[in-house]
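These are the residues of each chain, in order.
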Amino acid sequence: MIAPSILSADFARLADEAAAVAGSDWLHVDVMDAHFVPNLTLGLPVVTSLRAATDIPLDCHLMIDDPDRWAVGYAEAGAHNVTVHAEAAEDPVAIAKDLRAAGALAGLSIKPGTPLEPHVEVLKHYDTLLVMSVEPGFGGQRFMVEVLDKVRAARRLVDTGHLKLILEIDGGINADTIEQAAEAGVDCFVAGSAVYDAEDPGRAVEALRALASAHTTHLR
Ligand code: DX5
Ligand code: ZN
């Protein structure tokens, strides 16, 4: 699965920018609050409008403090998957239950420096795991290959039946890095600058998908 990140799109033309990647599996929406991360992007009103403007399932990545309070609103607004950060969540199990009750998939994200192991029990309540491969906050950063060890560990937990998760990676994914991420066991690849800085974003999505699927070895 390929999830273009609209962080690298033209914010004044979001409906058109979504249409430009109509063949995508998910549309990745980065919500930043200038507290959890140093950057500020968009929030619930934009997600509500975007939901009405595209049929692509919305993948909301909440880089915000106090997701215990705010996350469920994104599910109620019709997001397909809502991801909160493990570093910010007070009660991640309760958040997951709220998200699912509101009809969304529940996602948990870990920053590059956050280990996987302490979160494995909590992940039994989640549908997706988003492994950050850059420090969250900005697009266009360099891929941190060392996070693939966490992807491999999560892949083993899924393949052995201990967890049931879609494994997602976010940050620095492009035609040069997607193959190693696919080999490590990623299911869903977020790509911002690699899609929206391309001449033809729709073709960039197709090219990334072809590379990922050629290098995926786990069963889907
Ligand atoms: C960064 C965001 C990413 C960002 C990725 O904090 O979570 O989704 O858009 O951008 P690229 O693909 O350019 O690294
Ligand atoms: Zn993101």
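Cut-offs used in this document
- Residues numbered from 1 in each chain as written.
- Chains lettered and ligands numbered in written order.
- Predicted model: local features only at pLDDT ≥ 70, side-chain atom pairs only at ≥ 80, totals over all residues.
- Heavy atoms only, no water.
- Donors = N, O, S within 2.8 Å, 3.2 Å for Na, K, Ca; no water.
- Tetrahedral: all angles 85-135°; square planar, octahedral: opposite > 155°, others 65-115°.
- Helix = DSSP H or I, 4+ residues; strand = E, 2+ residues; numbered from the N terminus.
- Buried < 20%, exposed > 50% of the residue type's maximum accessible area, 1.4 Å probe, protein only.
- Polar contact = N/O pair within 3.5 Å; in protein donor to acceptor, adjacent residues only side chain to side chain.
- Contact = heavy atoms within 4.5 Å.
- Salt bridge = Lys/Arg side-chain N within 4 Å of Asp/Glu carboxyl O.

Draft legend 1. Fine view of the coordination of the zinc ion (ligand 2). Protein-derived coordination of the zinc ion (ligand 2) comes from His 28 (NE2), Asp 30 (OD), His 61 (ND1) and Asp 170 (OD), at a distance range of 2.0 to 2.2 Å. Its 6 donor atoms give the zinc ion (ligand 2) angles of 71 to 171° at the centre, a pattern that matches the octahedral case. All donor residues of the zinc ion (ligand 2) come from one chain, and their arrangement in sequence is H-x1-D-x30-H-x108-D. Pair noted here: His 28 is in strand β2 (residues 27-32) and Asp 170 is in strand β7 (residues 166-170), with a separation of 142 residues, a long-range link. Judged on exposure class, the residue His 28 and its partner Asp 170 are both buried.

Draft legend 2. A look at the side chain of His 85. Within the secondary structure layout, His 85 lies in strand β4 (residues 81-85). For His 85, a relative accessible area of 0% puts it in the buried group. A polar contact is formed between the side chain of His 85 and the side chain of Glu 87, at a distance of 2.9 Å. Look past the residues within four positions of His 85 in its chain and what remains in contact with it is Phe 36, His 61, Leu 62, Met 63, Leu 108, Ser 109, Ile 110, Lys 111, Met 132 and Pro 136.

Draft legend 3. Region of the structure containing the pattern of salt bridges. Overall, the coordinates contain 10 salt bridges when judged by the stated rule. The salt bridge partner of Glu 206 is Arg 209, with a shortest N-O separation of 3.0 Å. Of this pair, Glu 206 and Arg 209 both sit in helix α8 (residues 201-214), separated by 3 residues, roughly a single helical turn. Relative accessible area serves as the criterion here: at 40%, Glu 206 is assigned to the partly exposed category. For Arg 209, a relative accessible area of 23% puts it in the partly exposed group. A single network of salt bridges, built from pairs that share partners, joins Asp 10, Arg 13, Asp 16 and Glu 17.

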